[in-house]
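# Commentary on secondary and tertiary structure
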Amino acid sequence: MASVLAATKAQNTRILQLLLQGPTSPQDINQSLLYATKEGLVECLSCLIASGVDPDVTNNSGDNLLHLAVKEGHTQIVEALCQGGANVRAKGSGKNSPVHIAAKWGKDECLETLIKHDCDINSRDSTQSTPLILAVKNKQYGAIRLLLDADCNVNAFDREGRTALHFGSLSGTAVEQLLLAGADVNICDTDGCSPLLYAATEGLERVVKCLVQSTNCNVNLANKTAGKTPLHILAYKGHDNSVKDLMEHGADPGIRDIESKTAMWYAVSNGHSRVVKVLLLHSFDIASCKCPTQALTSSECPVQLAFDKGLSQILKLFITASFDTSHVMECLHLPNAGDIFVDATEWIIQGQRVPTLRQLCRKWIRHYIRFRLKDADINTTHLPIPKKFLEYIFMKDIEELSL
């Protein structure tokens, strides 16, 4: 006698209908449902469902027909199953629901069908990931758009506290879309890392700029393990453009990590003179104009570190900017100071001078006006200060120093 499975494989719906009117075995029916779903045989599946069989049959892995149909990208099968009463919120292997699979693998038409049939767009899998998190992790832009349009929870986080924005910042995926949808830029994962820290770690300058320009971004959030802020990380990596973006949006160069090191120290440690220049140009607080420690040790003092490494260009920047003049003077009194500079006499003399009134005025005026450079062009013309001295306040001499 012909089996239901054989009729399904032959795609003979007439025989299939006749067989379904008589006695059938559950195993034969289940195998037929699984086969029709996997192969995308819409007419056969419709015959089976119309006969009253259970559309929530599962395979050995615990995935139901919808899981299988979505994975294969059979949109018409998904529609037939949904109309036939299949559970669109069923959990399969890894606690995945059909919508997780659609989001992860970019089965956009299937996803659209599931959303239409009231699937749980905020469903959690075994890692507590939502469909949106999976879509961002796998760079499925169509799925991201569909889920955001369906008003999913953009700030849901997985078991490690990571949101879709964390993963987007890690890879540069859909960051602007997520922010426009209301993603919280300051949510931290279980290690205390914000999306900005993720972007800084990967050195993604475009993402860093996008995040710091978003509303209420806290650029000074530090991770738990090392106490490092995005400024520490980007200064260490040498991303002067991103360091400038951070400084213009309130990054504090005086923050020390758990090793008592500042962003300036990390910039010097890798010889990033351009980053040192940016930090000097955008440091307005008087406390940021000197080393964070009284001790003249290269483990904490950027001046001593630059001296030990023979970084003449960075030392010239420190001398010109009057950065921690006491430490600079101490270093330049050491016997081997003349070996660092090509034009040693000029720079050693300049660095050993007691700070002038002009230099002191620059420090304190910068401290009190606290202008960001991006605002300076608008406001400085109203200050009762001669143009030349105004240029000096905003460190035109540092900008013009060739590196």
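An account of the accompanying structure is given in this report.

### What about the overall build of the chain?
Regarding its fold elements, the chain presents 26 helices and zero strands. The globule rule puts the C-alpha radius of gyration for 403 residues at 22 Å, and the 32 Å found for the chain is more than 25% above it. Principal axes of the C-alpha set define a box for the chain whose edges measure 105 × 45 × 30 Å. Expressed as a percentage of the 403 residues in the chain, the buried residues total 50%. Across the chain, contacts joining residues at least 24 apart in sequence account for 70% of those joining residues at least 6 apart. As displayed, the chain has an accessible area near 18800 Å², and 48% of this comes from carbon and sulfur atoms. The positive charge centre, built from 40 side chains, and the negative charge centre, built from 44, are 4 Å apart in the chain.

### Description of the environment of Lys363
Positionally, Lys363 belongs in helix α23 (residues 357-369). Judged by its relative accessible area of 17%, Lys363 falls in the buried class. A sequence separation of 30 residues divides Lys363 from Ile393, and the C-alpha atoms of the two residues are 7.9 Å apart.

### Quick look at the side chain of Ser242
On the secondary structure map, Ser242 appears in helix α16 (residues 240-248). Apart from residues no more than four positions distant in its own chain, Ser242 is found in contact with Glu205, Val208 and Leu234.

### Some thoughts on the nonpolar core
Membership of the largest hydrophobic core comes to 113 residues, with the highest contact counts inside it found for Leu114, Leu132 and Phe318. The residues touching Leu132, leaving out its near neighbours within four places in the chain, are Ile144, Leu147, Leu148, Cys152, Asn153, Val154, Ala164 and Leu178.

### Quick notes on helix α5 (residues 65-72)
For α5, the buried fraction is high: six of the eight residues fall into the buried class. Regarding α5, the residues found buried are Leu65, Leu66, His67, Leu68, Ala69 and Val70. Here the buried face of α5 lies against α3 (26-39), α6 (75-83), α7 (98-105) and α8 (108-116). In the stretch just after α5, Gly73 is the one whose phi turns positive, near 75°.

### Things to note about the environment of Thr13
Along the chain, the position of Thr13 falls in helix α2 (residues 13-20). With 32 residues separating them in the primary sequence, Thr13 and Leu45 have C-alpha atoms 9.5 Å apart. Other than its neighbours up to four places away in sequence, Thr13 contacts Glu43, Cys44 and Cys47.

Calculation criteria
- Just so you know, the residues in each chain are numbered from 1, in the order the chain's sequence is written.
- This being a predicted model, a pLDDT of at least 70 is required before a residue's local features are given, and a value of 80 or more before pairs of side-chain atoms are given or counted; all residues contribute to the totals for chains, interfaces and linings.
- Values shown for side chains rest on all heavy atoms present in the structure; no hydrogens or waters enter the calculation.
- Secondary structure elements follow DSSP: runs of H or I no shorter than four residues count as helices, runs of E no shorter than two count as strands, and numbering proceeds from the N terminus.
- Note that the radius of gyration is over C-alpha atoms, with the globule rule given as 2.2 Å times the number of residues to the power 0.38.
- The buried label applies to any residue whose accessible area, calculated with a 1.4 Å probe on protein chains only, is under 20% of its type's maximum; exposed applies above 50%, and partly exposed to all values in between.
- Contact criterion: two residues are considered in contact whenever any of their non-hydrogen atoms come within 4.5 Å of each other.
- Here the accessible surface of atoms and residues is derived via Shrake-Rupley with a 1.4 Å probe, and residues count as covered only by protein chains that are part of the display.
- His is not counted, nor are the chain ends; Lys and Arg add positive charge and Asp and Glu add negative charge.
- Positions of charges follow a simple convention, taking NZ of Lys, CZ of Arg, CG of Asp or CD of Glu.
- Buried residues of nine kinds, namely Ala, Val, Leu, Ile, Met, Phe, Trp, Tyr and Cys, make up a nonpolar core once their side-chain atoms join them within 4.5 Å.

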